[in-house]
Amino acid sequence: MPSNVNANRLQGQIAIVTGSSSGIGKAVALAMAAEGASIVVNYPGGTPDAANQVADEIKSAGRKAIVIQADVSNEDDVKKMFAKTIETYGTVDILVNNAGLQKDAAFVDMTLAQWKLVLDVNLTGQFLCAREAAREFLRRGIVPVKSKAAGKIICMSSVHEVIPWAGHCNYAASKGGVMLLMKSMAQELAPHKIRVNSIGPGAIKTPINRSAWETPEAEKELLKLIPYGRVGEPSDIGLVAVWLASDESDYVTGTTLFVDGGMTLYPGFATGG
Ligand code: BGC
């Protein structure tokens, strides 16, 4: 658990973090728990071992966590995840729409299955989870001792909601979709005091992009794209997610916060153009 964050900014709040058995989702779950939130550790399927470990780490630090298996692209699974969360904790205050994947291929070789899987998980999954969360936020309304907002939705997007990405058309299309899904939801839900924002991570050291940073040669290439001169850590995202979920960001809605060491600054233009 991160030890530098213990101001209890999320005290008493319930957070569902999709895809939180590893990578960025895990870091967000740990950071939110460190701030007093009770966590739903969601994993998509397969063995629950990694998700259980995250939940155990949270519980051994004195916070609450439950593990729920759900494929975010499956409407039934998503409904059951929210029902189980509400049955266990009484409500939901924060949704972190984090679950996502890559199925990379050259455009001309990309199969319909690769296209659909990425769009289903990365975009439809965010829609399905956000819809259930918003329904619960509207039902419950604001609880002033917990937060000024009736609920917070954080969508995990990417620098690739604005940076085109050859060889990853399905992924970039899904994140471009997340951008306008997020903004449209934010516009529609703001009058109900529901805040919706995205985080746009750049290159963060997680399993999804291991080949881009695990050897010194690969890391050197990657750093050419990062003006700030280091590859991100999952905790870089966890800290920002806590802030976006807390009342410190109460006037922030409909925006993407890029956490990318400057990757969206077009570093190629630092010397050219
Ligand atoms: C991708 C990573 C990639 C990063 C920067 C992320 O959204 O999932 O694979 O390293 O963007 O390009």
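Before reading further, recall that the structure is shown in the block above.
Residues numbered from 1 in each chain as written. Predicted model: local features only at pLDDT ≥ 70, side-chain atom pairs only at ≥ 80, totals over all residues. Heavy atoms only, no water.

Asker: Lay out the packing of helix 4 (residues 112-140) against helix 5 (residues 169-189) with the relevant residues and their values.
Answerer: Between helix 4 and helix 5, the shortest axis-to-axis distance is 8 Å and the interhelical angle comes to 15°. Comparing the axis directions of helix 4 and helix 5 gives the class roughly parallel. Pair helix 4 / helix 5 crosses with right-handed handedness. Counting all contacts with helix 4, which are made through Gln114, Trp115, Val118, Leu119, Asn122, Leu123, Gln126, Phe127, Ala130 and Ala134, the residues of helix 5 involved are Cys169, Asn170, Tyr171, Ala173, Ser174, Lys175, Gly177, Val178, Leu181, Met185 and Leu189. (Axes fitted to C-alpha atoms, helices over the stretch in contact; angles between N-to-C directions. Helix = DSSP H or I, 4+ residues; strand = E, 2+ residues; numbered from the N terminus. Parallel < 35°, antiparallel > 145°, perpendicular 65-115°, else oblique. Left-handed = near helix turned anticlockwise from the far one by under 90°. Contact = heavy atoms within 4.5 Å.)

Asker: I'd like to hear about unusual backbone geometry, residue by residue, with values.
Answerer: Not every positive phi belongs to a glycine, and Lys193 is a case in point at roughly 65°. Turning to its location among the elements, Lys193 is positioned in the loop between helix 5 and strand 6 (194-201). Residue classification places Lys193 among the partly exposed residues on the basis of a relative accessible area of 48%. If you check the backbone angles, Tyr266 has positive phi at about 50° while not being a glycine. With respect to the helices and strands, the residue Tyr266 is situated in the segment after strand 7 (256-259). (Buried < 20%, exposed > 50% of the residue type's maximum accessible area, 1.4 Å probe, protein only.)

Asker: Which residues make up the side chain of Thr91, and what values do they have?
Answerer: Mapped onto the secondary structure, Thr91 falls in the loop between helix 3 (75-89) and strand 4 (94-97). Of the residues examined, Thr91 reaches a relative accessible area of 7% and is grouped as buried. For Thr91, the side chain forms a polar contact with the side chain of Glu136, separated by 2.6 Å. Only 2.8 Å separates the side chain of Thr91 from the side chain of Arg140, close enough to count as a polar contact. Once residues lying within four places of it in the same chain are set aside, the contact partners of Thr91 are Ile14, Thr85, Ile86, Glu136, Arg139, Arg140 and Lys146. (Polar contact = N/O pair within 3.5 Å; in protein donor to acceptor, adjacent residues only side chain to side chain.)

Asker: Provide a residue-level description of the sheet that holds strand 3 (residues 65-69), including the pertinent values.
Answerer: Read from one edge to the other, the open sheet built from seven strands follows the order 3-2-1-4-5-6-7, with strand pairing classed as parallel. Each end of this open sheet is capped by a strand with a single partner; those strands are strand 3 and strand 7. Strand after strand, the sheet turns through a mean of 20° between neighbouring axes, direction not considered. Of the pairings in the sheet, the one linking strand 1 (residues 14-17) to strand 2 (residues 38-43) comprises four bridges and is parallel in character. Each residue of the ladder has a partner; that of Ala15, found in strand 2, is Ile39. Each of strand 4, strand 5 (151-156) and strand 6 is contacted by helix 4, which is oriented at about 175° to strand 4, the strand it contacts most. Those strands touched by helix 5 are strand 5, strand 6 and strand 7, and its axis lies near 160° from that of strand 6. (Pairing = 2+ DSSP bridges.)

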